[in-house]
Amino acid sequence: MTELTGTWYISPTPFTDGGEVDQDSLRRIVDAAETWNVDGITILGVMGEVADLTAAERETVLATVADAARGRLPFAVGCTAPAAAVVRANAARAVDVGAAAVMVAAPALLKDTDSIGAFYRSAVGDCPVPVIVQDEPAATGVTLPVSALIAALDAANSNVVKLEDPPTPPKISRLLAQRPGLTVFGGLGGVSAYNELNRGAAGTMTGFAYPEILRAIRLAFETGDRERAARLNDRFLPYLVFEGQVRVGLGIRKEVLRRRGVLTTARTRALNPLPDAATLAELDDVLARVGLTPAIESVELP
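Okay, so let's go over this structure. The residue numbers shown here count from 1 along each chain, following its written sequence. It should be noted that, the model being predicted, local features are given only for residues of pLDDT at least 70 and side-chain atom pairs only at 80 or more, the latter also being counted only at that level, while totals for whole chains, interfaces and linings use all residues. Side-chain calculation: all heavy atoms of the structure are included, whereas hydrogens and water are not.

### Considerations on the pairing of strand β7 (residues 183-186)
Part 1: Covered by surrounding structure in β7 are Thr183 and Phe185 together with Val184 and Gly186, the residues of both alternating faces.
Part 2: Handedness of the crossover joining strand β6 (residues 160-163) and β7 through helix α7 (residues 168-178): right-handed.
Part 3: Bridge analysis of β7 against strand β8 (residues 203-206) gives 2 bridges, and the strand direction is parallel. Within β8, the residue paired with Gly186 across the bridge is Thr204. Think of it in three bands: residues with accessible area under 20% of the maximum for their type are buried, residues over 50% are exposed, and the middle band is partly exposed, with areas taken using a 1.4 Å probe on protein chains only. A run of DSSP states H or I qualifies as a helix once it reaches four residues; a run of E qualifies as a strand once it reaches two. Both are numbered from the N-terminal end. When the strands point away from the viewer, a crossover counts as right-handed if the path from the first strand over the helix to the second runs clockwise. Any two strands with at least two DSSP bridges between them are considered paired.

Take a look at the structure:
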């Protein structure tokens, strides 16, 4: 069974100029993730614009990544849905194609958080692979107190949380105080990765376009070299913040992945706008200031 820890890369869903799912770019994402030495890849999450995919497109993403990653890289699959039966079906399909784990958030706009345990028990209580309980109020509209998170974990027989309820560091501390030994992943673009690690996070699971940087920060922490971890964090923080902007961040991230030679286009769906000319100029500026030249090869870090 895959150990769920470390630096996991959340994949976007790439699109062609014509608007179809770009399978060639999906395969390159897997190739790149392996090159960047991440510990795994997560698909069909919020960054994957999963709410804006048809059922057939979801299957295309799942099958393409499963085929490309097989024997090379473990992958987790986002299975969130409003109904427990749909989550259960999504998870079963993910297991069928070889997923190492499934990720499930609360059903959108859930009013009664006391019912969260019953939802997870029905949806994934008997799931044969690890369940990542995702705490993501921005996407779900549901704020889960620590008590509800623990109820969800117990119902899902899980010990893994992807915690994205800002400010994340103090919530990580509260969660680990109640349940020591949990594996907690940070997210939100890695903006708080350094402080999350300082509070006991096991790593990050995010779509930041340079996951090798987050990996280097984590490895420095794990070897006790907090000075190096802080130095790397401080050097790249301007770019982490820039890429992590609300609404426009996905377009920026896809544009950087296009420049790295991973995606064919930076196209997004729904209300996620592509960067305008001024934003692209600001992107050029921040990349230059932190010393990043986009290329598919892993960044060499001092």
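What follows continues from the structure just given.
### A word on the pairing of strand β3 (residues 75-78)
Part 1: Neither face of β3 is open: one carries Phe75 and Val77, the other Ala76 and Gly78, and all of them are buried.
Part 2: Relative to β3, strand β2 (residues 40-43) is paired through 3 bridges, and the arrangement is parallel. When the sheet's bridge partners are listed, Ile43 is paired in β3 with Val77.
Part 3: What joins β2 to β3 is helix α2 (residues 55-69), and the crossover it makes is right-handed.
Part 4: Of the strand pairs in this sheet, β3 and strand β4 (residues 101-105) are connected by 3 bridges, and their pairing is parallel.

### Brief notes about unusual backbone geometry
Part 1: Each neighbour pair has its own omega, and for Pro166 with Pro167 the value is 0°, a cis peptide bond.
Part 2: Examined against the element boundaries, Pro167 turns out to sit in the loop between β6 and α7.
Part 3: Notably, Asn37 is not glycine yet its phi reads approximately 60°, a positive angle.
Part 4: Counting through the fold element by element, Asn37 comes out in the loop between α1 (23-35) and β2.
Part 5: In this structure, Asn157 is a non-glycine residue whose phi angle is positive, near 55°.
Part 6: One can find Asn157 in the loop between α6 (146-155) and β6.
Part 7: Judged by its relative accessible area of 61%, Asn157 is exposed.

### Observations concerning the pattern of salt bridges
Part 1: The working definition used for a salt bridge is a side-chain nitrogen of Lys or Arg within 4 Å of a carboxyl oxygen of Asp or Glu. Enumeration according to the criterion identifies 19 salt bridges in this entry.
Part 2: Across the pair Asp154 and Arg179 runs a salt bridge whose closest N-O atoms are separated by 2.9 Å. Within this pair, whereas Asp154 is found in helix α6, its partner Arg179 is found in the loop between α7 and β7, the two being separated by 25 residues in sequence.
Part 3: Since its relative accessible area comes to 41%, Asp154 is described here as partly exposed.
Part 4: When salt bridges with common partners are traced through the structure, they connect Glu255, Arg258, Arg259 and Asp284 into a single cluster.

### Points about the nonpolar core
Across soluble globular proteins, nonpolar side chains show a tendency to be buried alongside one another.
Part 1: The term nonpolar core refers to a set of buried residues drawn from Ala, Val, Leu, Ile, Met, Phe, Trp, Tyr and Cys, joined through side-chain atoms within 4.5 Å. Counting residues in each nonpolar core, the largest one holds 100 residues, and the members touching the most others are Phe75, Val77, Tyr120, Val124, Leu175 and Tyr239.
Part 2: Considering every element that reaches this core, the biggest residue donor is α6, with 7 residues.
Part 3: Any two residues having at least one pair of non-hydrogen atoms within 4.5 Å are treated as being in contact. Residues in contact with Val124, not counting those within four places in the same chain, are Val87, Ala91, Val104, Val131 and Ala156.

### A look at the packing of aromatic side chains
Part 1: What counts as a ring pair is set by centres within 6.5 Å for rings of Phe, Tyr and Trp (its six-membered ring), and what kind of pair is set by the plane angle: stacked under 30 degrees, edge-to-face over 60, tilted for all other angles. Using the criterion set out here, one finds 6 aromatic pairs in the structure.
Part 2: Measuring from ring centre to ring centre gives 5.5 Å for Phe208 and Tyr239, while their planes differ by 50°; the resulting arrangement is tilted. Of this pair, Phe208 sits in the loop between β8 and α9 (211-222) while Tyr239 sits in helix α10 (residues 226-243); the two residues are 31 residues apart in sequence, bridging distant segments of the chain. Of the two residues, Phe208 and Tyr239, both sit in the buried class.
Part 3: An aromatic cluster is present here, built from Phe208, Tyr210 and Tyr239 joined pairwise through their rings.

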